[in-house]
Amino acid sequence: MKKLSARRRHPLAAVVVLLFALAVTGGLYAAFAPADTAKADGTAQSLAIEEGKKLYSVGCASCHGTGGQGTSDGPSLVGVGAAAVDFQVRTGRMPLQQQGAQAPRKKAIYSQAQTDQIAAYIASLGAGPSVPTKDQYSPDGADIAKGGELFRTNCAQCHNFTGKGGALSNGKYAPDLTDVNPKHIYEAMQTGPQNMPSFPDTTMSEKNKKDIIAYLDTVNSSKSESPGGLELGGLGPVSEGLFAWIFGLGALIAVAIWVAAHTAKAKKS
Amino acid sequence: MSTTTTNESGAGAPGRRKAPAGERVADWADGRLGIYSLAKANMRKIFPDHWSFMLGEVCLYSFVIIILTGVYLTLFFHPSMEEVVYHGPYVPMQGMRMSEAFASTLNISFDVRGGLLIRQIHHWAALIFLAGMFVHMMRVFFTGAFRKPREVNWLFGFLLFVLGMFTGFTGYSLPDDLLSGTGVRFMEGAILSVPIIGTYISMFLFGGEFPGSDFVPRFFSIHVLLLPGIMLGLLVAHLILVIYHKHTQFPGPGRTNKNVVGLPLMPVYMAKAGGFFFLVFGIIAAIAAIASINPIWAIGPYRPDQVSTGAQPDWYMGFAEGLIRVMPGWEINLWGHTLVLGVFIPLVIFPLVLGAIAVWPFIESWVTGDKREHHLLDRPRNAPTRTAFGAAWIAAYFVMLVGGGNDLWATHFHLSINAITWFVRIGFFVIPVLTFIATRRVCMGLQRRDRDKVLHGRESGIIKRLPHGEFVEVHEPLSQEQLHTLTAHEQPKPLELEPEFDENGVARKAGAGRRLRVKLSKGFYGDGTQIPKATREEYEEITSGHGHH
Amino acid sequence: MSSQDIPEENLPSTQDAHGGAVTKTAGDPFADPGLPPHEARIQDIDEQAAKRSERVVAFLFLLSMLATVGFIASYVSVPVDKSIYVFPIGHISALNFSLGLTLAVALFCIGAGAVHWARTLMSDVEVADERHAIAAEPDVKAKVLADFKQGAEESAFGRRKLIRNTMFGALALVPLSGVMLLRDLGPLPGTKLRKTAWSEGKMLINQNTLQPLRPEDIQVGSLTFAMPEGMKEEDHDFQKEIAKAALMIVRLRPENIKDKRELDWSADGIVAFSKICTHVGCPISLYEQQTHHVLCPCHQSTFDLSDGGRVIFGPAGHALPQLRIKVNDKGYLEAMGDFAEPVGPAFWERG
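Residues numbered from 1 in each chain as written. Chains lettered and ligands numbered in written order. Predicted model: local features only at pLDDT ≥ 70, side-chain atom pairs only at ≥ 80, totals over all residues.

(A) The overall build of chain C, seen in detail. Secondary structure assignment for chain C yields 9 helices and 14 strands. The C-alpha atoms of chain C give a radius of gyration of 38 Å, which is well past the 20 Å a tight globule of 351 residues would have. The C-alpha extent of chain C, read off along each of the three principal axes, is 105 × 80 × 50 Å. Relative to its full complement of 351 residues, chain C shows a buried share of 42%. Looking at chain C alone, contacts between residues at least 24 apart form 55% of all its contacts between residues at least 6 apart. (Helix = DSSP H or I, 4+ residues; strand = E, 2+ residues; numbered from the N terminus. Rg over C-alpha atoms; globule rule 2.2 N^0.38 Å. Buried ≥ 20, exposed ≤ 12 C-beta atoms within 10 Å, placed from the backbone. Contact = placed C-beta atoms within 7 Å.)

Structure below.
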């Protein structure tokens, strides 16, 4: 301890401490970062099937198997339907960049036309939900208030009151729904991607889904209103508390320092 | 000084015939209320200048703002859980069933002009009130301002903080929205965990089963009458004691334990403190203009079968939320009864942790055996054990705040919620200890630096080459003011146990209490807990021996 | 200029340092030198600067007046439902924004003006005030003790013990009336927490469509919420009943169900669990369809729905209660009774 204490003032002491702290932080992050326990899923028309199969064998087969039967790295795609393919591929979740707790949303790699071909191929493997049409998912004419109630019953527990997202176990999460294409929201409800449960038409009608999309479109899009001012992430009391501490109390302390400080003295120059 | 006297005599001359109106009013009041005697003692009362002494004022003013805006809100709020169907202007709620409390809060937010602003000011001011009390309390703690004669006032302050938390919680629950309802549900679950009487208290509080239709009106009277009434009383007592004791001050030239140096209430502090009220109100109004708080329209009305992720209480309850989140789910079933330790233990730890900081002044005065009055503040570094304890307490508090927001930490830092929970479980025990050790060492480092400064002067950063080639840094000697300031603090000596045999050889054994006290005292002030401050002899030896650098 | 301004009583010689030993021994380098002489501010010596300060203060007060006029103007002219886009805040209420900012300016300027006035134009000569011990002088204390003793003697409080004891008795009993009055705050718990709205033969009603559920509606990996047949949102006790009866329905492949009782109580792999967390009662429903785990959003208790609703993480103390269901002869799902154990948070009498 004495020896250590004597070197406290060594010029390199601060560097050593900093390196140590960085190593600990990095180590802790590595230790606590969500473990890799990922799974993903995906799904499947006629002339396009052939083209889709080609694309599939290049981009998807390594994980989902050459015939879509699934491997240890990816689930079977038989019977997942075209809607699942459209969702996974067009939101950039598939193809997966790396195995992780969950496939993140990223820039889509395949164009809509290519995606449709893959979807046609997957749909040919087994029957599943097809890609919804515009009048199915368009929010026009839906009951926003009913959508809000449905959202709070079925969705808010994972996606937050207005769909800002939230945490699940072991590093998984329910994503933020801000400005997500209504078509993809519809597909997600219908197919239940990854760990999200599905809400098939038999338990949540087409009308119900439309209402939910209309609600989201009202409260969680870039044109949503926040009458009170800054939304602070829409995350509730945690961000409000941080704001109160940092900006509220921070500003008040800054003002207090001004109030209590001695006025500049006239120094003889 | 001289100008005031001339003014008075100047005003006195025409007053021979008839005193000015103001004076006559004052005379009238004095004859009935004795205001001149009161003013004699207080009008020119001295307040020392330091920004941290204004933190209490932040709390006082935000409390006043909360009362003003709160009264306005009661004019429009209906504390009723009667179910109504909403037909107001907010489209995503139209046709929804909700309680009158929720509907009237929507009404305040969307129909009453300025209602939203007042609601937001009220809520922001509440968050700032609590944060202000927290920081004010820490200022008092770290500077030792709680020492005799101010221990009672410390307790008043602590009680205000605790009552503030519950007033805040009851207020947050009033709109009967989905978020606060979840908080109330948590409260009900916590009450149910209390052995033997839990179910009874819950039934009595909610007028039957949760949620029932009674808790909003009941919380309303608690929130607007009972708790603020007690707080107002405590607040007045707190302020009277501040004036009676006179403010503490930091050591410095001319500042002693027997005086208070600063500027007079009339006129400087009237203007500064009065002005500060408007500054605080202005800043809170600006925050309420630009930042949304508790947007209940986005949250929705309460239903016990609905919930949202990220359900947290306001920050001041985050500590309790953390305790409840990270506690393992222990439950004991014996003889047909259930002991819900997983909920009951956090419920017990919560007041214990808060209370730990409240009783510290009494522990400290018992350990030191110091019966003197203290009006000079300590610099935190000069009381390393106290500072380290305070830092450890804050560390425990903040670890629990992290625990209370573990889901948001998980999503925003891409971590696993389970890992954070484990981190908090272990951290609650380990981090305060590490903080204690680290803080005490930092304090001692700073003490050592003060000592070097006193003995060798301030490092000027100027390098001088001596004739024989040696390079030295020029140290500027400190002024007497600085020397005094840096050496004005006391360094308590640890207590010693009396020898086991007195001078006559008669055995006398120290009692367990005495032995504990000596042990604690050694831990507080013994070896390795402080750097001896520079003595006059050391200073003289160095300054005379070396001459000058 | 400056030396003449120092009030006599603040000169170093009149200061008295505490701590006896280190006081002003001549030549003690650490002795208290007393209050430093007052240094003049620019405003003290330069009338121009003082005039500038005065103008700043007056400007701030004027600005406050203008802001108040602005407040009234916005109150009258801005419609309550007008929304505007303000970068970078977003689409916000025009009225809230204008009222808030004008009020803030009106208040802040009064404060800033007053403080600037105090800081630059009022005297900043530091004054020392004497302190007096808080504790009373010995003679005062002696007088008080004597008075108290006399008063106590005159009351005969110590001598007439009967009066004293009966008075304590009366004072101790009288608050009981207050306690009694609290009795009607609520009913006694009884078995209320043990029973829910579920009973034998009640169909499971889908909360989205309000239709009874058929087993073929429910797919593997889906999540559905149900309430008992006959319950309506308009009912006066709906909130109270749904707080206990809320139900979460998922379908598992029978081979994935690890717990034997769970399998017995399911219908074609459809299992119905209470939606109310056994920790403190949040509606738990963060269902991860691949892991069959369900997580509570409030305190992260995690339950395994493929293993009897067992707690696998977090603060909950016991498994989620399962509702025993079957397919009735009309092909709908129905309950075979109430929950076998109390739902929601544990309590003392739960056992």
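This is not the end of the story, as more comes after the structure.
(B) Region of interest: the domain arrangement of chain C. Assigned domains of chain C: these are domain 1 (40–120) and domain 2 (195–335). Taking only C-alpha atoms into account, the centre of domain 1 of chain C sits 58 Å from that of domain 2 of chain C. (Domains from an automatic or database assignment.)

(C) Structural context of the interface of chain C and chain B. Taken together, the contact pairs 87 residues of chain C with 99 residues of chain B. Examining the composition of the side of chain C that touches chain B, we find that 17 residues originate from one element, helix α4 (residues 94–120) of chain C, more than from any other. When the residues that make up the side of chain C that touches chain B are grouped by side-chain class, the tally is 53 nonpolar, 19 polar and 15 charged. Bridge analysis of strand β4 (residues 259–264) of chain B against strand β3 (residues 127–130) of chain C gives 4 bridges, and the strand direction is antiparallel. Of the residues in β3 of chain C, the one forming a bridge with V260 of chain B is D129 of chain C. (Nonpolar A, V, L, I, M, F, W, Y, C, P; charged D, E, K, R; others polar. Pairing = 2+ DSSP bridges.)

(D) Region of the structure containing the packing of helix α5 (residues 81–90) of chain A against helix α10 (residues 182–191) of chain A. Residues and elements named next belong to chain A. It is at 9 Å that the axes of α5 and α10 come closest, and there the two elements cross at 125 degrees. Classed by the angle they form, the pair α5 and α10 counts as oblique. Note on packing geometry: the crossing formed by α5 with α10 is left-handed. Two secondary-structure elements touch here, α5 through G81, A83, A84, D86, F87 and R90 and α10 through H184, E187, A188, Q190 and T191. (Axes fitted to C-alpha atoms, helices over the stretch in contact; angles between N-to-C directions. Parallel < 35°, antiparallel > 145°, perpendicular 65-115°, else oblique. Left-handed = near helix turned anticlockwise from the far one by under 90°.)

(E) Seen up close, the sheet that holds strand β8 (residues 286–288) of chain C. All names here are of chain C. The strand order across the open sheet built from 4 strands is β8-β9-β10-β11, with neighbouring strands paired in antiparallel fashion. The sheet is open, and its two borders are formed by β8 and β11 (310–313), each paired with just one other strand. If you compare each strand with its neighbour and ignore which way they point, the axes differ by 30 degrees on average. Here strand β10 (residues 302–304) pairs with β11 via 3 bridges, running antiparallel. For D304, the partnering residue across the bridge sits in β11 and is R310.

(F) Fine view of the interface of chain B and chain A. Contact with chain B, which involves 59 residues of that partner, is made by 56 residues of chain A. Secondary structure elements with two or more residues in the side of chain B that touches chain A: α4 (55–74), α6 (115–142), α8 (178–192), α11 (265–290), α12 (296–299), α16 (406–412) and α17 (417–456) of chain B.

(G) Local environment of the nonpolar core. In terms of nonpolar packing, the biggest core is built from 275 residues, with I122 of chain A, W124, V280, I284 and A285 of chain B together with L204 and L247 of chain C touching the most fellow members. Looking at which element gives the most residues to this core, the answer is α6 of chain B, with 18 residues. What A285 of chain B contacts, discounting residues up to four positions off in sequence, is I121 of chain B together with G100, L103, A104 and L107 of chain C. V454 and L486 of chain B together with F30 and A31 of chain C belong to the second largest nonpolar core, which has 6 residues in total. (Core = buried A, V, L, I, M, F, W, Y, C linked by C-beta atoms within 7 Å.)

(H) Examining the UniProt feature "domain: Rieske" (unreviewed entry) in chain C more closely. The UniProt entry lists residues 239–334 of chain C under the feature "domain: Rieske" (unreviewed entry), expressed in the numbering used here. Between the end C-alpha atoms of residues 239–334 of chain C the distance is 22 Å, and the span holds 14% helix and 31% strand. (UniProt positions renumbered as here; feature names shortened; annotations may be inferred.)

(I) Region of the structure containing the pairing of strand β1 (residues 83–86) of chain C. Residue and element names in this part refer to chain C. Relative to strand β2 (residues 90–93), β1 runs antiparallel, the two sharing 4 bridges. Pairing of Y85 across the sheet is with H91, part of β2. Between the antiparallel neighbours β1 and β2 lie 3 residues.

(J) Here's a closer look at the UniProt feature "transmembrane region" (unreviewed entry) in chain C. Per the UniProt entry, the sites bearing "transmembrane region" (unreviewed entry) are residues 56–77, 97–118 and 162–182 of chain C in this numbering. What you have in residues 162–182 of chain C is 90% helix and 0% strand, and the ends, taken at the C-alpha atoms, are 32 Å apart.

(K) Seen up close, the sheet that holds β4 of chain B. With antiparallel pairing, 3 strands are arranged side by side in an open sheet as β1(B)-β4(B)-β3(C). Looking at strand neighbours, the two that pair on one side only are β1 (46–47) of chain B together with β3 of chain C, the edges of this open sheet. Against the sheet, α11 of chain B touches β1 and β4 of chain B, its axis set at about 70 degrees to β4 of chain B.

(L) Highlighting the confidence of the model for chain B. For chain B, mean pLDDT is 90; residues scoring 70 or higher make up 96% of the total. Scored below 50 in pLDDT, residues 1–15 of chain B makes 2 contacts in the model with residues more than four places away or belonging to other chains. (pLDDT = per-residue confidence, 0-100.)

(M) Geometry of helix α6 (residues 161–173) of chain C. Helix length check: α6 of chain C, at 13 residues, gives a terminal C-alpha distance of 18 Å against a target of 18 Å (1.5 Å per residue), a fit within 8%. Summarising burial for α6 of chain C: 0 of the 13 residues are buried, a small minority. (Expected span 1.5 Å × (residues − 1).)

(N) Main features of the packing of helix α12 (residues 237–260) of chain A against α6 of chain B. At their nearest, the axes of α12 of chain A and α6 of chain B sit 9 Å apart, and the two run at 70 degrees to each other. Classified by the interaxial angle, the pair formed by α12 of chain A and α6 of chain B is roughly perpendicular. The way α12 of chain A lies across α6 of chain B gives a crossing that is right-handed. For the pair formed by α12 of chain A and α6 of chain B, the contact residues are E240, G241, A244, W245, G248 and L249 of chain A on the first element and W124, L127, I128, A131, G132 and V135 of chain B on the second. Residues that form the contact of α12 of chain A with α6 of chain B fall into these classes: 8 nonpolar, 3 polar and 1 charged.

(O) Inspection of unusual backbone geometry at higher detail. Cis geometry is found at the peptide bond from K148 of chain B to P149 of chain B, where omega equals 10 degrees. With respect to the helices and strands, the residue P149 of chain B is situated in the loop between α6 and α7 (151–173). Each neighbour pair has its own omega, and for F87 of chain C with P88 of chain C the value is 0 degrees, a cis peptide bond. Not every positive phi belongs to a glycine, and D179 of chain A is a case in point at roughly 55 degrees. The residue D179 of chain A is located in the loop between β2 (173–174) and α10 in this model. Of note in this structure, I196 of chain B is not a glycine but carries a positive phi near 65 degrees.

(P) Looking closely at the confidence of the model for chain C. All names here are of chain C. For chain C, the average pLDDT comes to 88, and 93% of its residues sit at 70 or higher. This stretch, residues 1–25, has a pLDDT under 50; its non-local contacts, to residues over four places away or in other chains, come to 46 contacts. Interface scoring of the predicted complex returns ipTM 0.89; its pTM is 0.90.

(Q) Quick look at the environment of N220 of chain A. All names here are of chain A. For N220, the location among the structural elements is in the loop between α11 (206–219) and α12. For N220, a count of 23 C-beta atoms within 10 Å puts it in the buried group. Considering only alpha carbons, one finds N220 and F161, 59 residues apart in sequence, at a separation of 9.8 Å. Those residues in contact with N220 that sit more than four places away from it in its chain are T162, G163, L177 and T178.

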